[in-house]
Structures are given as structure tokens and as C-alpha cells.
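Survey of secondary and tertiary structure
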2 protein chains.
Amino acid sequence: MATEVTDGPAAGDANGAAVEKTVTFTAVKPQLFVEYAKVSDAVAFYKSAFGAEEVNRITHPKRKADQELPLLLSVEIKLGSSSILVSDLSEDSTAPGKAVGSGVVFCLETEDIEAAVDQAVKAGAVAEGEISEGEGACCDRRVGKVKDPYGIVWSICTPAKKCVNVEA
Amino acid sequence: MATEVTDGPAAGDANGAAVEKTVTFTAVKPQLFVEYAKVSDAVAFYKSAFGAEEVNRITHPKRKADQELPLLLSVEIKLGSSSILVSDLSEDSTAPGKAVGSGVVFCLETEDIEAAVDQAVKAGAVAEGEISEGEGACCDRRVGKVKDPYGIVWSICTPAKKCVNVEA
């Protein structure tokens, strides 16, 4: 059956023109997961161990009954010219495991989440769940996730905004 | 951005003595480990999945009897403005584990390995082994390793040189 390709590359159309759309990533940020309520300790460690600078912090909007301060969900630090996210393991479902040191996720920032996820899946990655509004460490932005054939999880997010609850 | 808030209780407390010597890191490069002889496949994947560009490759100097080509030990790719190393798991003793997807090591580049390792250990990291001449993925440069209190391995290396056996 001959098909006429009219306009717009449809997602399921395999025989037409190859999708030439170029996905551009503006940043890659490794996201390290640490034990519950240890983000502050870890950031203090990275400051003194490696001279990291804190550039952004995200706290949980709600304070739990047993907490004196809102839980620190994620802190973005700068090390040299690189950004690294230090995130609370127990509060973020993007964490690849629930053991200490188990997890590093690479956050790729781009405006076109769908195209980026599609491109990765066509190349052999497996989408993990649906594209959703991220919460917590991803600071309420859209996020899609793929696992690559080598076991690494890539979180594809819209670019980080400076959060309202920045301290420092 | 005009305001610098310096409210006291937030991040750290003042119990640690300030480290006077400043160690400067020029780059942070996450190093991903993939199965034996899969570096080439993985790099091809990252090119098609994320538009990565290859910037450097290191092959094993000796060809094994059953190999048609020298083993590809490590490839540095660029993704956005970030560098990532994709390395052969079985040939590199810096790999934190021997399972697929088990390992990400963060390579910190600096000229003063000793000072950097000292500073990290003073801050609470544990040195892993001695500072040595790195081989393989680290391209014959000096390397020290520390594990931080959160399970992440940091490899502290002299800056990467462009290797002789680059194929562009």
C-alpha cells in the first residue's frame, strides 16, 4: 500500500522521510542521590572536599510533623564549570535504586522533551514511564526518562529554573 | 541577582577548620563503564540517541590474540558543553563494580593531585589506594582516588591530554 506523505513527520510512520529534527541539549547534570535528609551534609562535604559552590537549592514545600526545617530535596552545586545535583534519595522517584551510592542519573536539559525521548528510544533506549510534570529535584518542570542499553538512566528535562526558595 | 543574602544558620556550621590551600579543578568528567568490548557500541548509541560528539579515543596498546582490532578502552564524548567518558568495564581497575550499569566515577582534573586528595580526605573522604600513574582510560596520567561518604568514587587526575591514537 503506497502512502503519500503530506506534512509533518508522524511518529509511527516508518517508511517516509527520516526524522531530521535535531534535538539540542543545553546541559548535562549528573544527579547524585544521598540518604534521606543527608543532602545538606553532602553539600557541605563537597564544598570542603572539592571547593564546590552552591548555586540553587530546592526544599520540600511541606514540612513534616517531625521536621524542624523543610526537607532539603536537592542542591545544585558547581564544580569547575560543571553542574552537579545532590538529591535526597527517599523523596525522589527518579532515583535508580534505594541504596546509598547506588544512583547517578544524568539530567539532560532541552526544550523538546518528546523529540528527545523519541530519538533516544529509536536509538535503542527504553522509555521509563510517561513524560510528566517533575516534582522535587526537578523543580516542577517536565521530565521524561529513558534507560540506555548500558544501564544508565537519563532524565530528559526542560531547563532548570532558578527556584523561588533559593537560599544563598 | 543584586542581593546577596547571608543568613547565618542555613548551610554549614563553623566547626570545621577552613582549608587554606585552594585546589582548582578544571573539569569534571563522569566516566560511565560498559561491558567488555562494548565501548564502540555505546558511543554509537550516544551519538544517535543524544547527538553526542566523539572528541577523543584511547585504544589498548596491545592487541589480544583473538582480537582483530585493538580494544577500545575509553572514548570521550561531548554532550552539550559537558564531557563524558565511556569506558570498558573489564579493562579498567577504576571501575567501582563489575556489573553493567553499576558504575559511574567522577573524574576531577587538576594539576595538584596530592593537595586535592588531601583536601578530600580531610573533609571525610577515604583514599582508595595510592596515587599512581593511570593507565587505560586515564591515558597515562597521574591519578588518585577517593570514595566519598555517600558512596561516590572520585578519580582525581592530571588534565587529559589528547591521546596519540586518536581516530577522528
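Placed above this text is the structure.
Keep in mind that this is a model prediction, so the values were computed, not measured.

A separate point is the relation of the copies chain B and chain A. Between chain B and chain A, which share one sequence, the superposing operator has a rotation angle of 180° and an axial displacement of 0.0 Å; the RMSD is 0.0 Å. With respect to symmetry, the two chain copies, as superposed, fit the operation of a two-fold axis. Most of the interface of chain B is mirrored in chain A: 90% of its interface residues are interface residues there too.

The accessible area lost on association of the parts is a frequent measure of interface size. Each partner contributes residues to the interface: chain B has 40 residues there, and chain A has 43 residues. Summing both partners gives a buried area of about 3,400 Å² for chain B against chain A, and 70% of it is carried by carbon and sulfur. When residues of chain B are sorted by the area they lose upon contact with chain A, Phe 45, Phe 50 and Tyr 150 of chain B head the list and together hold 22% of the total. Taken together, the connections running from chain B to chain A amount to zero salt bridges. Those elements that provide at least two residues to the side of chain B that touches chain A are β1 (27-34), α1 (39-50), β4 (82-88), β5 (104-109), α2 (113-122) and β9 (153-157) of chain B. Here the element with the most residues in the side of chain B that touches chain A is α1 of chain B; it accounts for seven residues.

Attention shifts here to helix α1 (residues 39-50) of chain A. It helps to recall that an α-helix has 3.6 residues per turn; residues three or four apart then point in one direction. All names here are of chain A. For α1, built from 12 residues, the straight-helix expectation of 16 Å at 1.5 Å per residue is met to within 8% by its first-to-last C-alpha distance of 16 Å. Turning to α1, its buried residues number three or more, namely Val 39, Ala 42, Val 43, Phe 45, Tyr 46, Ala 49 and Phe 50. Burial along α1 is one-sided: seen end-on, the buried residues are contained in an arc of 155°. Of the residues one or two after α1, Gly 51 is the one with positive phi, at around 70°.

Calculation rules
- Residues numbered from 1 in each chain as written.
- Chains lettered and ligands numbered in written order.
- Predicted model: local features only at pLDDT ≥ 70, side-chain atom pairs only at ≥ 80, totals over all residues.
- Heavy atoms only, no water.
- Least-squares fit on C-alpha atoms with pLDDT ≥ 70 in both.
- Contact = heavy atoms within 4.5 Å.
- Buried area = accessible area lost by both parts, 1.4 Å probe.
- Salt bridge = Lys/Arg side-chain N within 4 Å of Asp/Glu carboxyl O.
- Helix = DSSP H or I, 4+ residues; strand = E, 2+ residues; numbered from the N terminus.
- Expected span 1.5 Å × (residues − 1).
- Buried < 20%, exposed > 50% of the residue type's maximum accessible area, 1.4 Å probe, protein only.
- Arc of directions from axis to C-beta.

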